[in-house]
Amino acid sequence: MSDSKNDIAWNALFEKHQILEIIEREGHFKIKSSDINKFREARLMTKFDFSSQLPSIFKENNLSLLPISRNSYLIAPMQAFHTFEKQPVQAERIVFPENIQSIKIEEISSEAVAVNAAFLSGILEKFLKESPLNFTVNGRMGSETFEFTIDANGTSLSVNIHNAQIEIDAGLEGPDSLTLIEAKNSLSDDFLIRQLYFPYRLWSDKIEKKVRPVFMTYTNGIFYLREYAFEPKSHYNAIKLVQAKRYSIQEGVIGDEELKQILRTTQTVMEPEIPFPQADSFDRLVNLLEFLYQEEQMTLEDITSTYDFDQRQSRYYTSAGMYLGLIYKDNESHAFGLTDRARKLFKESIFQRQLSLIRCVLEHVVFHRCLSTYLREGIISKEAVVEIMKEERLYNINSENTYFRRAATIIKWLEWMREEGLDF
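Here's a quick rundown of the structure. (Residues numbered from 1 in each chain as written. Predicted model: local features only at pLDDT ≥ 70, side-chain atom pairs only at ≥ 80, totals over all residues. Heavy atoms only, no water.)

In this section: the packing of helix 9 (residues 256-265) against helix 14 (residues 350-362). Closest axis-to-axis distance for the helix 9/helix 14 pair is 10 Å, and the angle between their directions is 50°. Here helix 9 is positioned oblique relative to helix 14, judged by the angle of their axes. For the element pair helix 9 and helix 14, the recorded crossing hand is right-handed. Across the interface between the two elements, Leu-259, Ile-262 and Leu-263 of helix 9 pack against Leu-355, Ile-358, Arg-359 and Leu-362 of helix 14. A per-class count over the contact of helix 9 with helix 14 returns 6 nonpolar, no polar and 1 charged. (Axes fitted to C-alpha atoms, helices over the stretch in contact; angles between N-to-C directions. Helix = DSSP H or I, 4+ residues; strand = E, 2+ residues; numbered from the N terminus. Parallel < 35°, antiparallel > 145°, perpendicular 65-115°, else oblique. Left-handed = near helix turned anticlockwise from the far one by under 90°. Contact = heavy atoms within 4.5 Å. Nonpolar A, V, L, I, M, F, W, Y, C, P; charged D, E, K, R; others polar.)

Given below as structure tokens:
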């Protein structure tokens, strides 16, 4: 596996400045943007929204990076990321206002539009239980000066921040509080706490009202909202989940009867000579398709640097999309894009898109047979899935362990279909 451009540049920086040796001796290392720029643009070298985006040398040595001013960063064995708590399976259905024509839910492609859609549909007032809400602060600004402690290699490290740059996607003020929203249009396993903590520290010291940090994710018609608190506010890792909700904007319900109808009307196709999917989260696959819909093409490195995937996961999920006939690979550029079928799918309403995605899966006889069993019996074991897989002689699966790993993906995809019946 080849190193990314960030990996190569950071390896050179660590060697030149003897960063590991200094951290071993002093517990941390401070580096200026000007020093980073000599190897690669600091803006590209220091953006790690998810832990998977950290360069290899950081992961291998349990290190993280935080900005401490406009032009300097701290590197130390800090616990800078927070793993998302499990979100409720069932989503509350919301109707989007019919009089709004400038936002189409099925075409939301940016965090800003997602926030506006959540506001206009009443999701934010419902979640925050506060009304009326008014947009107030947003955009880039300085953090001003504050101090905090952060967990670092079993100890507590004291950090001073002086006018580091922060960015707020949306700030909404109500009668009793100011809500600061960090919005993403991609699913991830964790997030950089700084995205909530630095804006929270800035505004909790500036106003008397309560400041409420909220992380919002939008994908495929679903809004995921999580509100956090910091207690005590002087500790970076004192992050606590206050509440979590899911909201769905859909015009129909996909239940077991609808799945049975799709089974009856879907013709299976010949199994492609493409590795059988090893990509357990169908939500993440759909989210990747959304990313590719916005781009002409993306390489594996593009996907890995943009999304919460390591290179291995990027290969698994692009291969799963190819298996379904939704992603193609350009043999000259080695980049990936959406097939015509996938692009047509993204012009449908979200409800129709869900139906189309399910049909794409059920065209493959193994999934067709497994869902039939699942719906008939209410459960399907991994052993039963493996038996069906063996009967269908799938491409390039040769060992018992591989059968069972791929069976896990099948079961997860079937669960996604049935969860859709709850959510939409």
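Turning next to the packing of helix 9 against helix 15 (residues 365-377). Packed helices, taken two at a time, are described by the angle their axes make and the gap between the axes. Where helix 9 contacts helix 15, the two axes come as close as 11 Å, and the packing angle between them is 145°. Regarding helix 9 and helix 15, the two cross each other, and that crossing is left-handed. Of the residues in helix 15, those touching helix 9 at Asp-256, Leu-259, Lys-260 and Leu-263 are His-368, Leu-371, Ser-372 and Leu-375. Its residues placed into classes, the contact of helix 9 with helix 15 shows 4 nonpolar, 2 polar and 2 charged.

Listed in full, the buried residues belonging to helix 6 (residues 111-120) are Ala-114, Val-115, Ala-117 and Ala-118. Take helix 6 and look down its axis: the buried residues cluster within an arc of 160°, on one side only. Buried residues along helix 6 sit in contact with helix 7 (123-128), strand 6 (134-135), strand 11 (170-173), strand 12 (177-184), strand 14 (210-219) and strand 15 (222-230). (Buried < 20%, exposed > 50% of the residue type's maximum accessible area, 1.4 Å probe, protein only. Arc of directions from axis to C-beta.)

Turning our attention to the side chain of Asp-49. Structurally, Asp-49 is set in the loop between helix 4 (42-45) and helix 5 (56-60). The class of Asp-49 is buried, set by a relative accessible area of 10%. Here Lys-184 takes part through its side chain, which lies 3.0 Å from a polar atom of the side chain of Asp-49. Apart from the residues within four sequence positions on either side, Asp-49 is in contact with Phe-81, Lys-184, Asp-190, Phe-191, Leu-192 and Gln-195. (Polar contact = N/O pair within 3.5 Å; in protein donor to acceptor, adjacent residues only side chain to side chain.)

On to the layout of surface pockets, then. Its boundaries defined by the atoms lining it, the largest pocket holds a volume of some 1,700 Å³. Contributing to the lining of the largest pocket are 50 residues, with Arg-43, Thr-46, Lys-47, Phe-48 and Asp-49 lying nearest its centre. Elements with a contribution of two residues or more to the lining of the largest pocket: helix 1 (5-17), helix 4, helix 5, strand 10 (165-168), strand 12, helix 8 (194-204) and helix 11 (300-306). With 5 residues, the single largest contributor to the lining of the largest pocket is helix 11. Roughly 920 Å³ of volume is contained in the second largest pocket. Along the wall of the second largest pocket there are 34 residues; nearest its centre are Lys-86, Asp-189, Ser-281, Asp-283 and Arg-284. (1 Å grid on protein atoms, 1.4 Å probe; cavity = no way out; pocket = protein on both sides within 12 Å on 5 of 7 lines; lining within 4 Å. Points joined across faces, edges and corners; volume = space filled by probe spheres on them.)

Moving on, we come to the nonpolar core. General note: in soluble globular proteins, nonpolar side chains tend to be found buried as a group. Ranked by internal contacts, the top residues of the largest apolar core, which has 61 residues, are Phe-276, Phe-282, Leu-371, Met-389, Ile-410 and Met-417. Beyond its immediate sequence surroundings of up to four residues, Met-389 is in contact with Phe-276, Val-366, Leu-394, Ile-397, Tyr-403, Arg-406, Ala-407 and Ile-410. Residues Ala-9, Leu-13, Phe-191 and Phe-215 belong to the second largest nonpolar core, which totals 57 residues. (Core = buried A, V, L, I, M, F, W, Y, C linked by side-chain atoms within 4.5 Å.)

This part takes up the sheet that holds strand 2 (residues 64-67). Taken together, 3 strands build an open sheet; the order of strands is 1-3-2 and the sheet is antiparallel. Looking at the sheet topology across the chains shown, the edges are occupied by strand 1 (29-32) and strand 2. With direction set aside, neighbouring strand axes in the sheet form an average angle of 30°. Pairing between strand 1 and strand 3 (residues 72-76): 4 bridges, direction antiparallel. (Pairing = 2+ DSSP bridges.)

Our next topic: unusual backbone geometry. The peptide bond linking Ser-131 to Pro-132 adopts the cis configuration, its omega dihedral lying at 0°. Relative to the helices and strands, Pro-132 is located in the loop between helix 7 and strand 6. Note the cis peptide between Glu-231 and Pro-232, where omega equals 0°. Inspection of the secondary structure puts Pro-232 in the loop between strand 15 and strand 16 (239-248). Non-glycine residue Glu-144 carries a positive phi angle of around 60°. By the secondary structure assignment, Glu-144 is in the loop between strand 7 (139-142) and strand 8 (145-152). For Glu-144, a relative accessible area of 42% translates into the label partly exposed.

Judged by pairing direction, the sheet is mixed, and its 7 strands sit side by side in the order 5-16-15-14-12-11-6 without closing on themselves. Strands with a single pairing partner mark the edges of an open sheet, and in this sheet they are strand 5 (92-93) and strand 6. Relative to strand 16, strand 5 is paired through 2 bridges, and the arrangement is parallel. Bridge assignment links Arg-93 to a residue of strand 16, and that residue is Ser-248.

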